[in-house]
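Structural overview for review
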Amino acid sequence: MTAYLERLRIAAFGSFANKHVGPFKPGLNIVYGKNEAGKTTAAKCIEGVLFGWEADRGMRNTYRPVAAERAGSLVFADDDTGKEYEVSRARNADGLQASEEAAALLADIDKETFATMFSLTSDELRTLRNTPDVTARLLTAGSGTAASPAHALAVVQERLAALTSRAAGAEDSIVNLRKRLEELRARVAEAADATERTKAQDKELHELEPQRAALQERQRTLNEEIERLTAAQASLASLDETIADLDEQVAQLESERSDVLREEASFRRGVNPALADIDEATDARLRDALDNLVEERTRREHAVGVARENYRTSSASYRAFMASEGLEEGARPARTQRRTQLVVSTVLPVVMLAAGVPAFVIGRMQHSLSISMIGIGLIMCGVLMAAAALVLLFRPSHRGEEREERQQSLRWVMLQDEKKLEACEADLADYNQTIAAYLAGEGLGAAQGSLRHARTLLDDAKEARAQLRLFAQRRQAIASQRRAAEGRLDAAYEDRDALVEELAVARTVAGAAPNTPVTSASVADLLAQKTAQRDGLQEALDHVNHRIGELRTLLEAARSEHRFEELKLEAAQVQTRLDESCDAYARLLLARTMLTSAIAGWESRSQPEVYAHASRLLARMTDGAWEAVRMGEDGRLTVVDRFKEERSPVHLSLGTCQQLYLSLRIALLVAAENVGRAVPILADDILVNFDDERRRGAAESLRELARTRQVILFTCHQDMANLMQEVEPQLNLVRL
Amino acid sequence: MGRKLSFIHAADLHLGAPFRGLRALSDAWADRLLKAIPEAFDRVVDAAIARAVDFVVIAGDIFDTSRGSYADYVHFADACRRLKDAGIAVYFCTGNHDPYTSWQNRMVDLPDSAHMFTADEPAFFLHERDGEPLCLLGGRGYYNQTWSHTENISEGISREAAERALGTTAPFAVGVLHTGLHLDRLKAPCDPKLLYARGMDYWACGHVHQPWQDDAENPRIAFSGVIQGRDIKETGPRGVWHVVLEEGMPNKATFIPTASVVWERLFVDVSDAESLTAVEETIVRAQFRANGDAHCEEMVTRVTLTGTTPLHSLLQRPGVLDDVREGLNRRYPVFFCDALVDATAAPVDEKALRREGLFPATFLQAAEAQRRNPALGRALLQDEFLKLGMTLPARTERAVEELSDEAEHLVLDLLLGTGDAS
């Protein structure tokens, strides 16, 4: 297939719109037009369609029409079949609009190669930029490949660079992957450490659990101890209180007892001691005795009363007899007188005796001599008077017998009665003395012989005894209460001692000095100590519990913790990618080596040909003034003149320089005939600086080029057009 | 009828092992794979319980590293407890990955039904059924991560030694070893002939990751392989043996697949595919075919596209293969295509190129020259890698020839425009 540019349609470019340029033919074409006819515009438009419109930059003419987008199309035609392919471009962003086949026609030419090699202007011909590169590009490109080996090499280089890039986005970069792998490995190591920590935690948990059980056991024991101590403390306090109460109670009872004793003593002082302690039988006996005494005395008093009545009767009979006689005889006064004398002489001694005996007794009892003497005196007087009365009584009566007898009888009776009375009274008096003696003997002396009084005394004594019994009862009650209290007190002391002993043991165990006394306060101390211990234990237990809870949570989480595995997996993936990148890198390195060695080989084979060709062309153009073009090993061009003198291109004249580079380009374009087969060579008035001879030589060279490639020459010079037509009569002339 | 013994022969659980060789897992699949090995182990336990076996033998490498994760240790202990609850004992030895030294400080107390063969000398256990001796077990594991070259790991383990040590005889005798046997001469190797002479009925071995039996009809020495493949190289079904020993009968071992995720390397020829959709279809068909063979639920595949196709240049474009891969992974969540490798070739006639004598011919000559001298290639690569501050990875070095071929294709693709030239 040999395709060529058939025509150009400028849809909108520069000052042109909807303008057709062409038709062109394969081989040599010349576009002739005056200034402003659109030659350069057409050339630029072709370049623009193929490789994109020039961006607006600075003051350069970018051919942007006023109020419109640039647009144009190229129509290529197949020389053999006549088939046409249109490629067009409107906006740069949309790219080249072309069918696949049409695109393939243009695929092997890049913009730079086109600008350097295909689009030639007078200015462009002064040099050949990057000669070795372009040379290599063309030389190797013209070699049956779709992309130039140089391009392939560039791609390989680019990929190699990407694989060693440090840019953050370069995911496959070996450098980045290694860094990432290193990071991941560090994290894997961290995770492994974390795993080890977890195992250590598991171990800790296994160790803590028995520790906790031990702590709980100790706590339980301590709680029991504290409970016991608290109870003991309460018991101790209660016992102490009980003891204090009981002590007080005992003291109270003691004071009550002494009160009772005092009362009793004072009472007892007011009581006859003889009667105070007699029993009921004695009392009854005494009372019986008193009753008997009263009866006996009453009987005696009655006898006295009867005797006195008898005496009074006889005495009255006697005195009545005497009184009747006295009236008659005058003797009566004498008898009366006698009788009076008798009575006086009888009564007085009796009275005296009656007074004297007790006085003597009392005097004896009270050891009073005077009273005893009075008694004796009275008794003596009574005896004397009784003797005198007896003398008087027995003096002979001088009155009649009968009377005498009568008198005598009356007097006898009277005397008899008197005697009887006296006897009765003496008996009574004796008896009274007997009573008094008895009473005195029985402790009833205070009754002074009075039986009534004695009975009153007995009653009083009975009452006092009852009272004393009451005292005794009270004393007994107090004593029994006290005994009970003391019993309780003993018991309390005993309990306390037991408790104290127990506490002393506990305290000794707790570390207190063994012989310090156990008191409620010391128990409280112990309790406080134990409580503090328990609190400490609780704290430790809380800590252990907290730690166990913490560990359980951690371990529970660790059971489903896959961070370690995740990281390892991630590291494995990065390792895989690193391996792949290393392989890719190695592959590219090998590819690069192969490619560079192939390029070198190819160049060494084709370069001499190109330079030989270029040398021929240059010699033709310069009419032998310059013979050869060479590429030095340093990649610099040198030219050789007919005197074999070597020059650097910079030392050539403008024209010769342009001829050198034109020759070189033509030689390269011919050598690389496969590159850009369909792309025309655009030459915009390139021969203006050439003299006539050299211009002809150049025209011939272009004709030679046109045999292998389509060449389109733009010119505004008629003579140029004529020259070209002379050189190549078959050329296709397009007029603008 | 003779007495009968049945047990599970497992080995190489590699709990905690990462899956290697994967390059780009989705989160869901990463999660899936993290659980794959523990799940596979659960299946071993389930299988033991379901078959009501007498005991389970694990021939080493229970953990992938001596510093296994807490979760894995707990998981193993839990599994032993589950087996104990079902009345199944566990006999295990240590391997080069979890040597005896790493078990000394094991923090999870195993139940008393789990018995470890010590590593410093042969150890023996008697397994009883209903108070009657049923099986003598003798075994030995790794003491540390390497086994001495001068010592034979099976030394001192025989039926006679077991009878002497245990003071009793039993109808069956099983040996448990972590050994490379004659298959891996670097890891406690051991001549099978030596083992046959020890009077054991069955040798349950661990270390080799591929299931292996000396004789499928009457296996006397066997490797169960890993319970779950965890490397793109460990393809195919993985599991444990259910071994039945019966007096007067040949040994019988049935393979129980336990892997929940199976690895497959698929080479898919896409020569006939005319579009990317067709390529995708071809891959899916290949996946289903492989899945049908593997008896697994889930499958991780590495697909290499082969064949000569004009789609080559399209497949070479950046992002195209990724798109295809993502499309595949979206379609069937049970298949995970980890990597899609393009090994297709453009329809390039190398002979014609050589005949043309143009640049490609020169290039092919240069490539040929390089391939002829791989040592030079290695030296070059070593130099370049040193510039990156690293030594040439061994696997890359080994692959120089292969890489050279690939390099050639790469350049040809670039030159001929059959690859991605951007």
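Refer to the preceding data block for the structure.
Read on for a plain summary of the structure.

Topic: the overall build of chain A
Secondary structure assignment for chain A yields 17 helices and 13 strands. Looking at chain A alone, contacts between residues at least 24 apart form 71% of all its contacts between residues at least 6 apart. Carbon together with sulfur atoms contributes 53% to the accessible area of chain A, which is approximately 38000 Å² in total.

Some points on the overall build of chain B
Helix and strand counts for chain B come out as 13 helices and 15 strands. Scored against the burial criterion, the 422 residues of chain B give a buried share of 58%. On chain B, roughly 17400 Å² of surface is accessible, and the fraction owed to carbon and sulfur atoms is 49%.

Observations regarding the pattern of salt bridges
Residues and elements named next belong to chain A. For the structure on display, the rule yields 62 salt bridges over all chains. A salt bridge links glutamate 704 to arginine 620; the nearest nitrogen and oxygen atoms lie 2.9 Å apart. Of the two residues, glutamate 704 sits in helix α16 (residues 692–708) while arginine 620 sits in helix α14 (residues 563–621), which places them 84 residues apart along the sequence. Salt-bridge contacts for lysine 644 lead to glutamate 627; the nearest nitrogen and oxygen are separated by 2.6 Å. Of this pair, lysine 644 sits in the loop between β9 (637–641) and β10 (646–647) while glutamate 627 sits in strand β8 (residues 626–631), placing them 17 residues apart in sequence. Owing to a relative accessible area of 58%, lysine 644 belongs among the exposed residues under this scheme. One connected set of salt bridges, linked through shared partners, spans Glu280, Asp283, Arg287, Asp459 and Arg465.

What to know about the interface of chain A and chain B
In this assembly, 62 residues from chain A lie in contact with 61 residues from chain B. In total, chain A and chain B occlude about 5200 Å² of area from one another, counting both sides; carbon and sulfur atoms represent 64% of this. Considering only the side of chain A, the residues that lose the most area to chain B are A:Leu569, A:Leu590 and A:Met594, jointly responsible for 14% of the buried surface there. Taken together, the connections running from chain A to chain B amount to five salt bridges. On the surface where chain A and chain B come into contact, there are nine residue pairs in polar contact (both at pLDDT 80 or more). Mapped by element, the contributors of at least two residues to the side of chain A that touches chain B are α5 (149–163), α6 (174–269), α13 (520–559) and α14 of chain A.

A look at empty space enclosed by the protein
Summed over the entire model, instances satisfying the criterion amount to four cavities of 30 Å³ or more. Of the volumes computed, that of the largest cavity is approximately 80 Å³. Considering the residues around the largest cavity, the lining is formed by A:His562, A:Glu565, A:Leu569, B:Gly16, B:Ala17, B:Pro18, B:Phe19, B:Leu33, B:Leu34, B:Ile37, B:Pro38 and B:Asp72. Counting residues per element, the ones that place at least two in the lining of the largest cavity are α14 of chain A together with α1 (27–50) of chain B. In terms of residue count, α1(B) provides more of the lining of the largest cavity than any other element does, four residues in total.

Quick look at the sheet that holds strand β4 (residues 114–116) of chain B
Two modes of strand pairing occur in sheets, parallel and antiparallel, and in both the strands are linked by backbone hydrogen bonds. Residue and element names in this part refer to chain B. Pairing within the open sheet is mixed, and its six strands lie in the order β4-β3-β2-β1-β11-β12. Single-partner strands in this sheet number two, and they are β4 and β12 (252–257). Direction aside, the axes of adjacent strands within the sheet are offset by 20° on average. As paired strands, strand β11 (residues 239–246) and β12 are joined by six bridges and run antiparallel to one another.

Some words on helix α2 (residues 70–85) of chain B
Here α2(B) spans 22 Å end to end across 16 residues, near enough to the 22 Å set by a 1.5 Å rise per residue. Turning to α2(B), its buried residues number three or more, namely B:Tyr70, B:Ala71, B:Asp72, B:Tyr73, B:Val74, B:His75, B:Phe76, B:Ala77, B:Ala79, B:Cys80 and B:Leu83.

Focus on unusual backbone geometry
Look at A:His367: it is not a glycine, yet its phi comes out positive at around 50°. Structurally, A:His367 can be placed in the loop between α9 (331–365) and α10 (369–393). Overall, the relative accessible area of 74% leaves A:His367 in the exposed class. Even without glycine at this site, B:Asp130 takes up a positive phi of about 50°. Positionally, B:Asp130 belongs in the loop between β5 (123–129) and β6 (132–140). Look at B:Asp130 and you get exposed, because its relative accessible area is 75%.

Examining the nonpolar core
Formed by 81 residues in total, the largest nonpolar core has its most connected members in A:Phe76 and A:Leu662. Examining the composition of this core, we find that nine residues originate from one element, helix α15 (residues 654–671) of chain A, more than from any other. With sequence-adjacent residues up to four places away left out, A:Phe76 is seen in contact with A:Tyr4, A:Leu5, A:Glu6, A:Leu50, A:Lys83, A:Glu84, A:Tyr85, A:Val87, A:Leu105, A:Leu106 and A:Ala678. Formed by 53 residues, the second largest nonpolar core is a distinct cluster that contains A:Phe564, A:Met594, B:Phe385 and B:Leu416.

Focus: the side chain of B:His178
All names here are of chain B. Within the fold, histidine 178 resides in strand β7 (residues 172–178). Look at histidine 178 and you get buried, because its relative accessible area is 0%. Engagement of the side chain of histidine 178 in a polar contact is seen with the backbone oxygen of alanine 59, the distance being 2.9 Å. At 2.8 Å, the side chain of histidine 178 and the side chain of asparagine 96 are in polar contact.

Digging into a negative patch on the surface
Taken together, the side chains of A:Asp490, A:Glu494, A:Asp495, A:Asp497 and A:Glu501 make up a negatively charged region of the molecular surface. Tracing the backbone through its elements, the reader meets A:Asp495 in helix α12 (residues 451–510).

Quick word on the environment of A:Ala354
All names here are of chain A. Along the polypeptide, alanine 354 turns up in helix α9. Accessibility expressed as a relative area gives 48% for alanine 354, which makes it partly exposed. Distance in space between the C-alpha atoms of alanine 354 and isoleucine 379 is 8.1 Å, their sequence separation being 25 residues.

A few points about the packing of aromatic side chains
The description of an aromatic ring pair rests on the distance of the ring centres and on the angle between the ring planes. All names here are of chain A. Counted according to the given criterion, the structure contains 22 aromatic pairs over all chains. Seen in terms of ring centroids, phenylalanine 114 and phenylalanine 118 are 6.0 Å apart; in terms of plane orientation they differ by 10°. Their pairing is stacked. With a gap of four residues between them, phenylalanine 114 and phenylalanine 118 both fall in helix α3 (residues 111–118), about one helical turn apart. With respect to class, phenylalanine 114 is no different from phenylalanine 118; both count as buried.

Some words on the pairing of strand β2 (residues 16–21) of chain A
Residues and elements named next belong to chain A. As defined by bridge partners, strand β1 (residues 3–13) adjoins β2 across five bridges and the pair is classed as antiparallel. From the neighbouring strand, leucine 8 faces β2, where its bridge partner is valine 21. Counting the residues in the hairpin turn of β1 and β2 gives two residues, including glycine 14, whose phi is positive at 55°.

Examining the sheet that holds strand β3 (residues 28–32) of chain A
All names here are of chain A. Judged by pairing direction, the sheet is parallel, and its five strands sit side by side in the order β7-β11-β12-β3-β13 without closing on themselves. Edge positions in the sheet fall to β7 (119–121) and β13 (732–735), since each of these pairs with one other strand and no more. For this sheet, the mean inter-axis angle between neighbouring strands, taken without regard to orientation, is 20°. The sheet contacts of α3 involve β7 and β11 (681–684), and relative to β7 the element is tilted by about 40°. Here helix α17 (residues 718–727) sits on the sheet and contacts β3, β12 (711–715) and β13; the angle it forms with β3, its principal contact strand, is near 160°.

Brief notes about the side chain of A:Asp583
In this structure, A:Asp583 sits in helix α14. Side chain to side chain, A:Asp583 and B:Arg395 meet in a polar contact 3.4 Å long. Side chain to side chain, A:Asp583 and B:Thr396 meet in a polar contact 3.1 Å long. The contact partners of A:Asp583, leaving out residues within four places of it in the chain, are B:Arg395, B:Thr396 and B:Leu403.

A word on the packing of α6(A) against α13(A)
Residues and elements named next belong to chain A. Viewed as axis vectors pointing N to C, α6 and α13 meet at an angle of 155°, and their least axial separation amounts to 8 Å. The orientation of α6 relative to α13 falls into the category roughly antiparallel. You can see that α6 and α13 cross each other, and the crossing is left-handed. Among the residues forming the contact of α6 with α13, the class breakdown is 20 nonpolar, 13 polar and 10 charged.

Procedures and definitions
- Residues numbered from 1 in each chain as written.
- Chains lettered and ligands numbered in written order.
- Predicted model: local features only at pLDDT ≥ 70, side-chain atom pairs only at ≥ 80, totals over all residues.
- Heavy atoms only, no water.
- Helix = DSSP H or I, 4+ residues; strand = E, 2+ residues; numbered from the N terminus.
- Contact = heavy atoms within 4.5 Å.
- Areas by Shrake-Rupley, 256 points an atom, 1.4 Å probe, with all protein chains shown as cover.
- Buried < 20%, exposed > 50% of the residue type's maximum accessible area, 1.4 Å probe, protein only.
- Salt bridge = Lys/Arg side-chain N within 4 Å of Asp/Glu carboxyl O.
- Buried area = accessible area lost by both parts, 1.4 Å probe.
- Polar contact = N/O pair within 3.5 Å; in protein donor to acceptor, adjacent residues only side chain to side chain.
- 1 Å grid on protein atoms, 1.4 Å probe; cavity = no way out; pocket = protein on both sides within 12 Å on 5 of 7 lines; lining within 4 Å.
- Points joined across faces, edges and corners; volume = space filled by probe spheres on them.
- Pairing = 2+ DSSP bridges.
- Axes fitted to C-alpha atoms, helices over the stretch in contact; angles between N-to-C directions.
- Expected span 1.5 Å × (residues − 1).
- Core = buried A, V, L, I, M, F, W, Y, C linked by side-chain atoms within 4.5 Å.
- Patch = residues over 30% accessible without salt bridge, like charges linked within 9 Å, V, L, I, M, F, W, Y side chains within 5 Å.
- Lys, Arg positive; Asp, Glu negative; His and termini not counted.
- Charge placed at Lys NZ, Arg CZ, Asp CG, Glu CD.
- Phe/Tyr/Trp six-rings, centres within 6.5 Å; stacked < 30°, edge-to-face > 60°.
- Parallel < 35°, antiparallel > 145°, perpendicular 65-115°, else oblique.
- Left-handed = near helix turned anticlockwise from the far one by under 90°.
- Nonpolar A, V, L, I, M, F, W, Y, C, P; charged D, E, K, R; others polar.

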